[in-house]
Every structure is written in C-alpha cells, then in structure tokens.
Amino acid sequence: MKEATKEPRPPTVPIAAGQGGEARARWTWTEPSVWTERMLAALENGVKGGVWFSLMDKVIAPKNLSAAATRVERNRGAAGVDGQRVEHFSAERTAILAKLHEELRDGSYRPKAVRRVWVPKPGTTQLRALGIPTVRDRVVQGALRAVLEPIYERRFTAHSYGFRPGRGCKDALRRVDELLHEGYTHVVDADIQSYFDRIDHDLLMAEVRKEVADGSVLDLVRAFLQQRVMDGLEGWTPDEGSPQGAVISPLLSNIFLHPVDLVMREAGLEMVRYADDLVILCKSAAEAESALALLEAQMTARRLTLHPDKTRIVDTTQPGGFDFLGYHFELGRKTPRKKSLQKLRDRIRTVTPRNSGESLKCIVAVLNRTLRGWFEYFKHCTKRTFRGVDGFVRRRLRALLIRRQKRRGFGTGFAHRDWPNAYFAEHGLLFLADAHAHARHAR
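Residues numbered from 1 in each chain as written. Predicted model: local features only at pLDDT ≥ 70, side-chain atom pairs only at ≥ 80, totals over all residues. Heavy atoms only, no water.

What follows covers unusual backbone geometry. In this structure, Leu331 takes a positive phi of about 50 degrees despite not being glycine. Checked against the element boundaries, Leu331 lands in the loop between strand S10 (327-330) and strand S11 (333-336). Residues other than glycine seldom take positive phi values, yet Lys406 does so here, at roughly 60 degrees. If you trace the backbone, Lys406 turns up in the loop between helix H15 (383-404) and helix H16 (415-418). Residue Lys406 is classed as exposed on the basis of its relative accessible area of 76%. (Helix = DSSP H or I, 4+ residues; strand = E, 2+ residues; numbered from the N terminus. Buried < 20%, exposed > 50% of the residue type's maximum accessible area, 1.4 Å probe, protein only.)

Right, let's talk about empty space enclosed by the protein for a bit. Rolled over the atoms, a probe as big as a water molecule pinpoints where empty space is left. Applying the stated criterion across every chain yields a total of one cavity of 30 Å³ or more. In this structure, the largest cavity spans a volume of roughly 30 Å³. Listed by contribution, the elements that provide at least two residues to the lining of the largest cavity are helix H10 (215-225) and helix H11 (249-266). Across the lining of the largest cavity, the residue classes tally to six nonpolar, four polar and no charged. (1 Å grid on protein atoms, 1.4 Å probe; cavity = no way out; pocket = protein on both sides within 12 Å on 5 of 7 lines; lining within 4 Å. Points joined across faces, edges and corners; volume = space filled by probe spheres on them. Nonpolar A, V, L, I, M, F, W, Y, C, P; charged D, E, K, R; others polar.)

Following the sequence through the fold, Thr311 ends up in the loop between helix H12 (285-301) and strand S8 (312-315). Those residues within four positions of Thr311 in sequence are excluded, and the remaining contacts are Asp189, Ala190, Asp191, Leu292 and Leu306. (Contact = heavy atoms within 4.5 Å.)

Turning our eyes to something else, we now look at the pattern of salt bridges. What the rule picks out here adds up to 26 salt bridges. Between Glu103 and Arg136 there is a salt bridge whose closest N-O contact spans 2.7 Å. Of this pair, Glu103 sits in helix H6 (residues 93-106) while Arg136 sits in helix H7 (residues 135-153); the two residues are 33 residues apart in sequence, bridging distant segments of the chain. Both residues of the pair, Glu103 and Arg136, count as buried. One salt bridge connects Arg303 with Asp200, and the closest N-O pair in it is separated by 3.0 Å. With Arg303 in the loop between H12 and S8 and Asp200 in the loop between strand S3 (186-191) and helix H9 (201-209), this pair connects stretches of sequence that are 103 residues apart. (Salt bridge = Lys/Arg side-chain N within 4 Å of Asp/Glu carboxyl O.)

This part takes up the packing of H6 against H7. Where H6 meets H7, the closest approach of the two axes is 11 Å, and the angle between their N-to-C directions is 60 degrees. With respect to their mutual orientation, H6 and H7 come out oblique. Here H6 and H7 pass one another in a crossing that is right-handed. Listed contacts from H7 to Leu97, Leu100, Glu103 and Leu104 of H6 are Arg136, Val139 and Val140. Looking at the contact of H6 with H7 residue by residue, the class counts come to five nonpolar, no polar and two charged. (Axes fitted to C-alpha atoms, helices over the stretch in contact; angles between N-to-C directions. Parallel < 35°, antiparallel > 145°, perpendicular 65-115°, else oblique. Left-handed = near helix turned anticlockwise from the far one by under 90°.)

Okay, here's the thing in structure tokens:
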C-alpha cells in the first residue's frame, strides 16, 4: 500500500471558529433554529468532554419540528401504516406538531410501524425493500437529523460522498475520473451484501455514543432502529438493519461505516464511497489485493459481508471495466451502465406506446423532460451513447405515427423518408447528440 498522506477536509467541514457570521457562512445548510452562532462556535471549537449533552430540547423545539414538517411536505412521499398522506398531515399540521412536541417532551412518543414496500431494481427482475415511516415519524426523524447531522458531518472523511450536504454522485464520479487519469489502473469494485438490512444496532449505537451522550436522544435513535416492520399483514421487530426510505437512515448508514473510512484513509488508500457503493483505486495489482484484504477485514469487524460474486479487482487497462453510480468505466471511456440505459429505454417505451392517443406535441414535451434529466447526469458519456438514444426515440415515434396511419411497420425503412429527423426537430424534440456537442463546445 502507498504511504499514508494527510487528507484535506471536504469543503463542508470548517477548520476553526470565526467571528460574527463567519461560522454561519461555513454551515449554511444547517437548521438555523437549532444551530445558532453559539452552537456553531461550540461545534467548531469542540465541546467539553468531547461529547454533546442536552440535545433533546433542540430536537423537540417547535421551530425545529416545524422546519422538519416543511421538508416532509416538500418531499411528499407515500403514506405509512396509518394511511395518513402528506396533504392530510398539512391540513392538521398545527395540532399534530403540538402533540408531537408534548409526547417527545414527556417521553410518551412511540414511533409507529414502518410499512414495507417492494420496488423493482432497475434493469433486473429483482425487488428492493423500502421502509416507509408514517408522516409524523418522518417529521420527528427530520428534526432529529437536523440536530445530529452537523455533529457527525464534522468527523466524516473526504472520500465519503453519499447523502452529505454539498456533496453528491457527480462529485464521487469526478473523483473516480481524476484518479483514473492519474494512473490508478487497478480498481477494487466492492459490493456490500444487503447493507441496509444488516447494520448491527449495537455497533451503530456505540458509534453514535462517541459524539452524543444525551440519553433521551440515544433512546430516540434506538427506537427508530427497532420500529416494527409491517409487510402486508405480517409484522416483526428487527434486530438489525435500518430501513431504506427512512429520513434518518442515510445519516446512520454513514455513521456506521465511518470507522471503515478512517482505516482506509490511514492506510493511504484512494477509496471513493457513496453510501454502500464503493471503489478503491490502486496503482498496482498487488496494492489492490492488499486493499481488498483490508476491506474484507473491516467488513467482518462491522459484521458485514462483501458479495462474493459482485466484488472483484478490475484492471482498467484491459477490456471489461467496472460500474459505479450508474456509469460504466472502460478503457478511458465512460458510458451508462447497461441497467441505466435499460431503465431509460423502458421509460421511453411507457411514454410512446403505439396506441397512444396523446398529441405528438404532448408526447414530445414528456419525452424532453425525461431526456433532459437523463442527459444532465450522463452528459459526460461518449457521443455514441447519445446518437443511440436519439435513434431509439425517433424509431418509437415513427412506429407510433405509422400506427396512426393504419400502416404496418416499426419505425424503420421508408418511415425515415416520411418523417425525417428534421420533422421531429421542428416539433421541438430534444436531440441528445446535439446537446452533447453543445455542452462540449461550451466547456
């Protein structure tokens, strides 16, 4: 392994407390009703004993609960086991928040069960389990996260990108691209098996207690970990895991893997992690083998397992490549991974059924929204990618137009003559190849 180097802190982590509004400028994403200038100064300078006491009053503060409720209303989402939708909550918001405040204050608050739903994994026939808390529980989790997140955010390492303020997928992808161009040719492509379902509650609480000593807050975190799960008429109380879909889960998942981040950083390894998706970029096969062995040991210590079939070492100088956050990296080229491209094609198919009664103008408008969002994320792929998507979209539209003329055909052959590319351009269809060329020229 290469010699350990001192890691620069991410932009979201301040170095030292300043005067006046300087601390606020460094922590603009924090909830101002909780993180006052005095609180931010304590955050930056450290608190006595190194752990935080007396946080529950910040969690249950009416302004914090109200801000959390506003975020839940903005994100909307499905109803939980009680059937209450966000719009129903909004209609009774004042009364519900007052009741939540009192229950949290006197210790009578109890989270309701989490409703389990199953959603398809893109590009596969498999299903992913999500847990949907009730709206009121999402509000309390949001208020709790607003208090806890800055405390742990200050500790997190620079190579962790998932579900963190001011960081995201594109930052992680950019870092991977940089390292590949710097000669990191061997990649540990790791997959943590069923990560969110296997988070050990005791190990997680031990990490939480390293920064927080308020018993009421710790009890609240534990209560959310032990929420009953309802899958149809069946229910159980989990002894491990943190449900995907819960407001507090992303923060808890980062706290749980933080010790792994520290070990990998101290070993001088270039790891890029987004929640449970991670790659380690190395300059030799031997370094990659050593990195994988260290990672496996750390996963064992956290009572986790690397997927035996999906974890591998990739030599990026050879054909094959690896996938990360929707992209496929191979021999210096970036393309959407197969599942990402399949998901887009499936979406296009749902918008362009050949028996659609929508006008071409309406169909193009919906297509353009889908295509713009997809392009914004995948615009760094090779230009061949976009020509292929454009061709697929136009074939779908030509097949639709052929059907409307009661003719046979699938959008190929003479359909190009009847409806040339210029026809769709006149109707405002977004051509991704043109958007890609324009973006390259702008850069």
